[in-house]
Amino acid sequence: MIGFIVKRLVAGIVLLLAVSIGTFFLARAAISDPTAGLLGTTATPAQRAALAAKIGLDRPLMVQFWDWFRGALVGDFGVSWRNFQSVNKQIAIKLPVTLSVVTFATLITAVVGTAFGLIAGLRPNSLFDRIIKTVSVVLFALPGFWISLVLVVWFAIQLKWFPAVGYVPPAQSLGGWLRSITLPAFSLALGAIVVVAEQLRNEVIAVNKQDFVRTLRSRGLSRGRVTLHILRNASPAALTVLAVMFVGLLSGAIVVEAIFSLPGIGQLTNASSQNGDIPILLGITVVSVIFVVIVNFLLDIALGWINPKVRVR
Amino acid sequence: MSSLSVMSDLAPSAPRRRSILSRFLSAPAGVVSLSVVIAVIAIAVFAPWLAPHDPNFVDLASAKVPPSAEHWLGGDATGRDMLSRLIWGARTTLLGALVTIITALIIGAPAGIAAGYFGGFFDRLSSWVSDALQAVPGMIILLVVAAGTRSNFVLIMATVGAFLAPGYFRIARSTTLAIRNEPFIDAARVAGLTHPRIILRHILPGIGAPIIIQTALATGIAMGIQAGLQFLGIGAASVPAWGAMMNEGFRHMLSTPLLLLWPSAVLGITIAALAVAGSTLADVVRIRTDAPSARSSGQVTNAAPADVVTGSFAYAPEAAAVRVDNLRVRYAAGDGAVEVVHGISFDIAPGEVLGIVGESGSGKSQTVFSILDLLPTGGSSSVDGMWIGGQAVHTMSPRERAGMLGTEIGYIPQEPMSNLDPSYTIGFQLTQPLRTVHKKSRAEADAIARAVLNRVGIVDIDRVMKSYPHQISGGMAQRVLIAGAIAGRPSVLVADEPTTALDVTVQAEVLELLRELQAELGMALVLVTHNFGVVADICDRVIVMRDGAIVEASAVETVFAAPEQNYTRELIAASLDDTKGRRELDAVHAAQTAATA
Amino acid sequence: MANPILSVENLVVEYGDPKRSFRVLHEVSLDVGVGECVGVVGESGSGKSTLGKAILGLAPVRHGRIFFEGEDITHARGAARRRLASSIQVVFQDPYGSLDPMMNVGDILSEPLEAAGQSRRMARSAVAEMIERVRLPASAIDRYPSEFSGGQRQRLAIARALVRRPKLIVCDEPVSALDLTTQAAVIDLFIELQRDIGVSYLFVSHDLGVVRRICHRVAVMQRGEIVEFGEGEQVTRAPAHPYSARLLLASPVANPQAQARRRAAWLALREADRVLPAGQ
């Protein structure tokens, strides 16, 4: 088990390094002259040269990379090219908002997706199964921001159940915080719920057909206990999908935050992209991949617990 | 099937395999969704001729006007014609999606096929890259790319394609791998085909459908991402785009909701149509593997008349351990149902071993599943009466009936490895029924489990209790399953081909064990098999089944010494234990040839 | 055997990389004569299927040599291996997986011929002849594998193996997935084809009855080694090696009295093994 954990940790670190390096050079390749975005089209060549010197663009690319990478290794992502404030601090301010929404959305996805998938899978082709299937086909494909717009129009503007825009920190009001992240979380979760439910449904059907389920029943076990056996064997695929969905939720949050005017990472990403503020973009990329690595690591441990073959190997 | 019937066995009017396309088009969802997709494509292609106005012509007098004869869908915030912008937007959307899909397909599919077919280092490397791409939040990277080239939409959509490539990679790889492991690929290699030829002829035809399904879904996703990017303000301002229109509509949502409604509806319908088309196609392709419908109210096509019953009783009702009267089993098939067991009656005395023999499709396994009341999904059985251990189970509620399992009836399955839950230890699987069904304490259950394991001949009990199924051998797994079947001290044991999956040396051990246990515990044993050697070894009486009916039922000596039916004789003769050797056969053949010459 | 068509010498097959390899065959030697059927029997894990795969070039040979008509084909790859396709063919166990479900019978059977450069028309007429040879109706040519029963598919697999007129067919458990009566018919077809065409078989099976009927000589394998190799009659009725004897006594006979005697003999042997564990 320990060897298994170490192996997964190393894999996560390798991924983190690869993404950091890849993104740095991708960003620099995509942006030929960062000063154009930072200063706008009205700036004189002299102003631009001054800024370039200030943020170190006049040095060789590899030197710039090494500078950034050394900092990143110890968790220091440098300063913004626009306001010269610490990247870490800016991300730290925005992160709780995005994490609130994404974590809430992941929880909703896990709970509702498992329930729907299990019910549909235990009774394939029942009315519930067919309704879920029809709805899921469409919900899966529709982008989260499109769903957000529908939810905003319906629940916030017409029914006025939830605020349409804005974020309330939990320290200020726990209820207000929940209300402010409910619509964004649901907009994100709806698409993910159906994916998890569909995956679990198919796995439940497949496991239910396996011989050992009949044998368990033949031993006189109750329906509930047999269902637990089925669920445990069906869950690895659904868990894997849930982890993939987490990455998708991080992506989706960027547009959804724009719709709900949430002061989160998405907003920061979008603003930095408009300005060409590369240090912030790089910081955000690395931080979000760290979260993905953590989630995948938890997933691996869960899979190892569920499936003894993985653990023993 | 004897060699004579080989000629006539082909059904003369076997239905032609209908093409996937025609099955797709006979589904209403398929026709509607495909029509929508084709309409969107046509609109995008013919945009210059279809659009009534210049999509970028600003006419402030028409700003936010409601739908009219001049502007069918009204004007936008700066008075540009809504309909024309939507039509030109279709072109933008489709071009963007095309760039994405082509990129994803070119990167993903060939790499997936190569990885699945050749395996090895390339497989490991490309799988790692694919997993890594999936672990990166794509939207962030897209905004990094967009930071420099906010209006270079082709580059951005190609980047989207890179993030969708893992989808193609995985599906191409897994499909290739599945086909690669089929024996017909080995056969093709032995037949002298080159690798490119094998990929072309055997792999690619199998990959087409999954790739098209994936493309339908990926196109929808690409359109969604594209609209999301446009919503964030990425893309050239001069090009009409649905996402940008939604952004504008969103800003004027409270005053002019139509500005948001039109582009949202168009985007939503297009994506939904793609999703439905993909899902319908997926259903059509896997139609044969789908679970049968749970409702089977329809006609039974081949039911035997209700009064035709094969088989008979050998014992008085009160003397039988199991008594089955007029059992019928049917399966849902399409709109109707097919009967696979056509009314059979039999019984078995306590302490007796009854063999049920027959070839595949004879209904022998369906018969034991009916006794257990554990028919697979879609199957149902009916009886005039069924008694187990003297209790009339046909009058019981399903709950009471389920209560017979594990207490009155024990079950030994065919395939040892697939009948143990891979996620739990052997110890847990043996003790769970004892604790929850027989209400034993943890310590009692543990002691009983160890005792039965000892009885079935397992030496290393501590290790086996802690092992997972994949850590023990097939022969040992079958002993564990036998231990589980007898742990509840049932009066009847049903065994479905309990030795078929085992090697002969293990089979002999397991048969010996069954014989000993049956004698020791005085159980009635119903043993399903296709092997007359097994019958001769262990059975007291035999039922021979064919096509869902009992053709013969007698004591084991009678069946072998003087079978009533030709079919039985043919079956026994087909067991080759007593066959002439090859040299002998050749000598006979040579003599015959010489005689005729 | 004066001029064996196939001879295998000290063959070693190992899977996995050299550091953590798993040896499946240990120094296996055997030969097959022209027009002869040699059986290989054993239980699962004995390596009997691997031996067939190695001859076909589908298993990694570490040491030893395989000669076909005197030519060393142990490591024949690429074009050399494809040239062998005209001489060595195969029939697999699984009658469902061994025919591509997307192709019709005509295409499946003519594929080996077209791969060898024959014209489509000539291939078709050869295919029609083979379909007749394996006793299937001529109309089979336009049908798909899913329309055939297990026994019929196995006939198709035999026809595909025969279209290039090979000299040797490796038969890997070709009848063990079939019902008993179907199995008997397919075995008789194998025998009849061998008499007519003179092809040689290497016949892999777990069933002593089957190999007794079809094989002239039989090799018994246990844990990757051949423990006994001799006349089929002798090996399957009066085996010399203790393992072969155990194998024979463990197979139940379809005759209650004979089986009672065989079981008694098996129990006695088992008792003896317990006193003096096998292989000591």
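Residues numbered from 1 in each chain as written. Chains lettered and ligands numbered in written order. Predicted model: local features only at pLDDT ≥ 70, side-chain atom pairs only at ≥ 80, totals over all residues. Heavy atoms only, no water.

1. A word on the overall build of chain A
- Assigned secondary structure in chain A consists of 13 helices and zero strands.
- Helices and strands in chain A line up, N terminus first, as α-α-α-α-α-α-α-α-α-α-α-α-α.
- With the C-alpha coordinates of chain A rotated into their principal frame, the extents come out at 85 × 55 × 35 Å.
- Residue burial in chain A is summarised as follows: out of 313 residues, 50% are buried.
- Considering only contacts within chain A whose residues lie at least 6 apart along the sequence, 73% involve residues at least 24 apart.
- Split by element, the accessible area of chain A, about 14000 Å² in all, is 69% carbon and sulfur. (Helix = DSSP H or I, 4+ residues; strand = E, 2+ residues; numbered from the N terminus. Buried < 20%, exposed > 50% of the residue type's maximum accessible area, 1.4 Å probe, protein only. Contact = heavy atoms within 4.5 Å. Areas by Shrake-Rupley, 256 points an atom, 1.4 Å probe, with all protein chains shown as cover.)

2. A look at the overall build of chain C
- A tally of helices and strands in chain C yields ten helices and ten strands.
- With the C-alpha coordinates of chain C rotated into their principal frame, the extents come out at 65 × 50 × 40 Å.
- Per-residue burial for chain C yields a buried fraction of 59% across its 280 residues.
- Counted over contacts in chain C with a minimum sequence separation of 6, partners at least 24 positions apart contribute 65%.
- Element-wise, carbon and sulfur atoms account for 50% of the exposed surface of chain C, whose accessible area totals about 11000 Å².
- For chain C, the distance from the average site of its 35 positive side-chain charges to the average site of its 32 negative ones is 2 Å. (Lys, Arg positive; Asp, Glu negative; His and termini not counted. Charge placed at Lys NZ, Arg CZ, Asp CG, Glu CD.)

3. What to know about the interface of chain A and chain B
- Each side of the interface is counted separately: chain A has 65 residues, and chain B has 75 residues.
- The tally of links between chain A and chain B comes to one salt bridge.
- Lys133(A) is paired through a salt bridge with Asp283(B); the nearest N and O atoms lie 2.8 Å apart.
- At the level of secondary structure, the elements contributing two or more residues to the side of chain A that touches chain B comprise helix H1 (2-30), helix H6 (127-141), helix H7 (144-158), helix H9 (211-218), helix H10 (223-260), helix H11 (265-275), helix H12 (278-306) and helix H13 (308-312) of chain A.
- Looking at the side of chain A that touches chain B, the element that brings in the most residues is H10(A), giving twelve residues. (Salt bridge = Lys/Arg side-chain N within 4 Å of Asp/Glu carboxyl O.)

4. Describing the interface of chain C and chain B
- Each partner contributes to the interface: chain C provides 78 residues, whereas chain B provides 67 residues.
- Overall, the association of chain C and chain B removes approximately 6300 Å² of surface from exposure, summing both partners, and the carbon and sulfur fraction of that is 55%.
- Sorting the residues of chain C by area buried against chain B places Leu180(C), Thr181(C) and Arg195(C) first, and these three jointly supply 10% of that buried surface.
- Between the two partners, chain C and chain B, sit five salt bridges.
- Arg201(B) is the salt-bridge partner of Glu111(C), the closest N and O atoms lying 3.5 Å from each other.
- On the surface where chain C and chain B come into contact, there are 24 residue pairs in polar contact (both at pLDDT 80 or more).
- Mapped by element, the contributors of at least two residues to the side of chain C that touches chain B are strand S6 (88-91), helix H3 (105-115), helix H5 (150-162), helix H6 (180-197), helix H7 (208-214), helix H8 (232-237), helix H9 (242-250) and helix H10 (256-275) of chain C. (Buried area = accessible area lost by both parts, 1.4 Å probe. Polar contact = N/O pair within 3.5 Å; in protein donor to acceptor, adjacent residues only side chain to side chain.)

5. Some words on the packing of aromatic side chains
- As enumerated under the stated definition, the model contains 19 aromatic pairs over all chains in all.
- Aromatic pair Phe145(A) and Phe231(B): ring centres 5.2 Å apart, planes at 50°, arrangement tilted. Residue Phe145(A) is found in helix H7, and its partner Phe231(B) is found in helix H9 (residues 195-231); the two belong to separate chains. One exposure class covers both Phe145(A) and Phe231(B), and it is buried.
- Centre to centre, the rings of Phe155(A) and Trp161(A) are 5.5 Å apart; their planes meet at 45°, and the pair counts as tilted.
- Geometry around Trp305(A) places Arg232(A) over its ring, the cationic atom sitting 4.5 Å from the centre.
- The positively charged end of Arg232(A) is found above the aromatic ring belonging to Tyr424(B), 4.5 Å away from the centroid. (Phe/Tyr/Trp six-rings, centres within 6.5 Å; stacked < 30°, edge-to-face > 60°. Lys NZ or Arg CZ within 6 Å of the ring centre and 35° of its normal.)

6. Description of the sheet that holds strand S5 (residues 71-72) of chain C
Residues and elements named next belong to chain C.
- A sheet is described by the order of its strands in space; here four strands give the open sequence S2-S1-S4-S5, paired in antiparallel fashion. Two strands in the sheet have a free side with no partner beyond their single neighbour: strand S2 (22-32) and S5.
- Examined bridge by bridge, strand S1 (residues 6-15) and strand S4 (residues 61-68) share six bridges and lie antiparallel to one another. Note that in S4 the partner of valine 8 across the bridge is isoleucine 66.
- Contacts between helix H1 (residues 48-55) and the sheet are confined to S1, S2 and S4, with S1 contributing the most and set at about 110° to the helix. (Pairing = 2+ DSSP bridges. Axes fitted to C-alpha atoms, helices over the stretch in contact; angles between N-to-C directions.)

7. Things to note about the pattern of salt bridges
- Across all of its chains, the model carries 45 salt bridges over all chains by this definition.
- Between Arg195(C) and Asp586(B) there is a salt bridge; the shortest N-O distance is 3.1 Å. Taken together, the residues Arg195(C) in helix H6 and Asp586(B) in helix H22 (residues 582-596) connect one chain to another.
- A single salt-bridge network, built from bridges that share partners, covers Asp76(B), Arg80(B), Arg85(B) and Glu248(B).

8. A few points about the domain arrangement of chain C
Residues and elements named next belong to chain C.
- With domains assigned, chain C is organised as domain 1 (1-87 + 166-232), domain 2 (97-165) and domain 3 (241-280).
- Each of domain 1 and domain 3 has a C-alpha centre, and the two are 27 Å apart.
- Counting from both sides, the interface comprises seven residues of domain 1 and, opposite them, seven residues of domain 3.
- Where domain 1 abuts domain 3, roughly 690 Å² becomes buried across the two surfaces, and 63% of that area is made up of carbon and sulfur atoms. (Domains from an automatic or database assignment.)

9. Here we look at the nonpolar core
- Trp68(A), Phe145(A) and Leu267(B) are the most contacted members of the largest nonpolar core, which has 155 residues in total.
- The element contributing the most residues to this core is H10(A), with 17 residues.
- Discounting residues that sit within four places of it in the chain, Phe145(A) has contacts with Val255(A), Val256(A), Ile259(A), Gly224(B), Ala227(B), Gly228(B), Phe231(B), Met246(B) and Leu267(B).
- If you look at the next biggest cluster of nonpolar residues, it comprises 55 residues, including Met130(C), Ala161(C), Phe203(C) and Leu208(C). (Core = buried A, V, L, I, M, F, W, Y, C linked by side-chain atoms within 4.5 Å.)

10. With respect to the side chain of Ser218(A)
- Tracing the backbone through its elements, the reader meets Ser218(A) in helix H9.
- Leave out the neighbours within four places in its chain, and Ser218(A) touches Leu374(B), Leu405(B), Gly406(B), Ile409(B) and Tyr411(B).

11. As for the environment of Gln432(B)
- Mapped onto the fold, Gln432(B) is located in helix H14 (residues 426-436).
- By relative accessible area, Gln432(B) is classed as buried at 7%.
- Considering only alpha carbons, one finds Gln432(B) and Ile185(B), 247 residues apart in sequence, at a separation of 44 Å.
- Apart from residues no more than four positions distant in its own chain, Gln432(B) is found in contact with Leu221(A), Arg225(A), His229(A) and Val437(B).

12. Details of the arrangement of the chains
- Here two pairs of chains make contact, and the pair sharing the most contacts is chains B and C.
- Contact between chain A and chain C is absent, and the minimum C-alpha spacing across the pair is 15 Å.

13. Overview of the pairing of S1(C)
- With respect to burial, S1(C) is a largely interior element, seven of its ten residues being buried.
- Linkage of S1(C) to S2(C), two consecutive antiparallel strands, is achieved through a turn of six residues, within which Gly16(C) is found at a positive phi near 90°.

14. Quick notes on the confidence of the model for chain A
- Of all residues in chain A, 98% have pLDDT values of 70 or greater, and the mean over the chain is 87.
- When mean pLDDT is compared element by element in chain A, H9(A) scores highest at 94, while H13(A) scores lowest at 66. (pLDDT = per-residue confidence, 0-100.)

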